[in-house]
Amino acid sequence: MVSLYIRTFRGDICWLEYCLQSIHRNLRGWDEIIVCIPEGQEHHLAHLSIERKVICPAWKDDYIGQQASKLQAHRHAKGDLILFVDSDLVFLPGADVKDLLVGGKPVIGKERYASPKDPAVRKWRPVVTKLFGQEPEWEYMGLNASSRLFHRSTLEAFERRFPDIEAYARRQPRHKFSEYNFLGFFAEQTEPDRYAFVDVHAETPPAMKARQFWSWGGITPEIRAELATLGLHGTWPDTLTFGERLRKDLDYAVRRFKLWLRSRRAGKQ
């Protein structure tokens, strides 16, 4: 049995609709969909009728909150396997969960840490070292965002080892937590024979048919048109207040402007 676990929040509700449409239309090999949202935002999921809705604690920093919530997905999932799905991930025709299995084992992509000056080394290696007390050789975020398939028992074992992980997460700064690096390192330490670990620089890893959008940029007219070509249409009633929509649109505009400014600066170099 395979459980799909989507940790969303109010800012991603417009994306979630497209994600769910693509699951029901295009994805094979799953048995249940679990949509998790922070306490106080439950009304944004009122229109769901097929998916199972669960509530998690609210977080001041939901960037880390989303990661910590995923580490507790086993508390809600019935499946032996849990596939983590982002709200802004759209599955394409022919997508199948089995594409993420090699020899019946879930695939975990990994990349060897390189020079100490490499951004990944500075950003992610200390995060894992701090939690485990052991420096990792690999980074475990080397596959596309559709490739996040884990045994439920791995998450259960992780919680037994780190029963206070939620409290730990609440003490961490924004970029000092990494659920997939934690799970990948833990799985290779404790269950190396249950996963297919793939060095993404040595071989081409399997990937599911999916299109990863990035919710922080908003759904532009161009993106909406692209989604329409896939047969996906936004029909979900808008549950955001006027103030929430205004803040969200302003945030999207600022982020797009920063990207444009960054590209202009890069072009002048």
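Our subject is the structure listed above.
Residues numbered from 1 in each chain as written. Predicted model: local features only at pLDDT ≥ 70, side-chain atom pairs only at ≥ 80, totals over all residues. Heavy atoms only, no water.

Caption draft 1: Expanded view of the packing of aromatic side chains. Applying the stated criterion across every chain yields a total of 14 aromatic pairs. Here Tyr5 and Phe84 contribute two aromatic rings whose centre-to-centre distance is 5.9 Å and whose plane-to-plane angle is 85 degrees, an arrangement assigned as edge-to-face. Here Phe84 lies in strand β4 (residues 81-85) and Tyr5 lies in strand β1 (residues 2-7), a separation of 79 residues in the sequence. When the ring of Phe177 is compared with that of Phe182, the centres are 5.0 Å apart and the planes differ by 85 degrees; the resulting orientation is edge-to-face. The class for Phe177 is buried, based on a relative accessible area of 0%. Overall, Phe182 belongs to the buried group, its relative accessible area being 0%. An aromatic cluster is present here, built from Phe132, Phe158, Phe162, Tyr168, Phe177, Phe182, Phe185 and Phe186 joined pairwise through their rings. The lysine or arginine in question, Arg148, covers the ring of Tyr180, its NZ or CZ lying 4.4 Å from the ring centre. (Phe/Tyr/Trp six-rings, centres within 6.5 Å; stacked < 30°, edge-to-face > 60°. Helix = DSSP H or I, 4+ residues; strand = E, 2+ residues; numbered from the N terminus. Buried < 20%, exposed > 50% of the residue type's maximum accessible area, 1.4 Å probe, protein only. Lys NZ or Arg CZ within 6 Å of the ring centre and 35° of its normal.)

Caption draft 2: Just the side chain of Gln41, in detail. Inspection of the secondary structure puts Gln41 in the loop between β2 (32-38) and β3 (52-56). In this structure the side chain of Gln41 is engaged in a polar contact, spanning 2.7 Å, whose partner is the backbone nitrogen of Arg10. Beyond its immediate stretch of four places on either side in the chain, Gln41 contacts Phe9 and Arg10. (Polar contact = N/O pair within 3.5 Å; in protein donor to acceptor, adjacent residues only side chain to side chain. Contact = heavy atoms within 4.5 Å.)

Caption draft 3: Examining helix α5 (residues 152-161) more closely. Turning to α5, its buried residues are Thr154, Leu155, Ala157 and Phe158. Along the axis of α5, the buried positions cluster into a sector of 160 degrees, meaning they face one direction only. The inward-facing, buried residues of α5 contact α2 (62-70), β4, α4 (125-132), β9 (149-151), α6 (165-170) and α7 (179-190). (Arc of directions from axis to C-beta.)

Caption draft 4: Just the sheet that holds β3, in detail. If you trace the 5 strands from one edge of the open sheet to the other, you get β3-β2-β1-β4-β9, paired in mixed fashion. Pairing within the sheet leaves two strands with one partner each, and these edge strands are β3 and β9. Averaged over all adjacent pairs, the angle separating strand axes in this sheet is 30 degrees, with direction ignored. Pairing of β2 with β3 involves 5 bridges; the strand directions are parallel. Bridge pairing links Ile34 to Arg52 in β3. Contacts from α2 reach β1, β2, β3 and β4 within the one sheet, and its direction differs from that of β1 by about 165 degrees. (Pairing = 2+ DSSP bridges. Axes fitted to C-alpha atoms, helices over the stretch in contact; angles between N-to-C directions.)

Caption draft 5: The nonpolar core, seen in detail. In this structure, Phe84, Phe132, Phe158 and Phe182 are the most contacted members of the largest nonpolar core, which totals 40 residues. Elements that contribute at least two residues to this core include exactly β2, β3, α2, β4, α4, α5, α6 and α7. Looking at this core element by element, the count peaks at 6 residues for α7. With sequence-adjacent residues up to four places away left out, Phe158 is seen in contact with Leu71, Leu131, Phe132, Ile165, Phe182, Leu183 and Phe186. Membership of the second largest hydrophobic core comes to 25 residues, among which are Ile6, Ile33, Val35 and Leu83. (Core = buried A, V, L, I, M, F, W, Y, C linked by side-chain atoms within 4.5 Å.)

Caption draft 6: The pairing of β4, seen in detail. The buried fraction of β4 amounts to 5 of the 5 residues, a majority that puts the element mostly inside the structure. By the alternation rule, side chains of β4 split into Leu81, Leu83 and Val85 and Ile82 and Phe84, which are all buried. Relative to β9, β4 is paired through 3 bridges, and the arrangement is antiparallel. Following the sheet pairing, Leu83 is matched in β9 by Leu149.

Caption draft 7: Representation of the side chain of His44. Considering the arrangement of structural elements, one finds His44 in the loop between β2 and β3. Looking at His44, its side chain comes within polar contact range of the side chain of His43, at 3.3 Å. Beyond its immediate sequence surroundings of up to four residues, His44 is in contact with Arg10, Ile13, Ile37, Trp236, Thr239, Leu240 and Glu244.

Caption draft 8: Broad picture of the environment of Val2. Here Val2 shows up in strand β1. Judged by relative accessible area, which is 9%, Val2 ranks as buried. Sequence-wise, Val2 and Glu17 are 15 residues apart; in three dimensions their C-alpha atoms are separated by 21 Å. Those residues in contact with Val2, other than ones at most four positions away along the chain, are Gly29, Trp30, Asp31, Glu32, Gly79, Leu81 and Val97.

Caption draft 9: How the structure looks around the environment of Phe182. Its location among the elements puts Phe182 in helix α7. Put simply, Phe182 and Leu131 are 51 residues apart on the chain and 8.3 Å apart in space, counted from C-alpha to C-alpha. Filtering out sequence-adjacent residues up to four positions away, Phe182 remains in contact with Leu71, Val127, Val128, Leu131, Phe132, Phe158 and Phe177.

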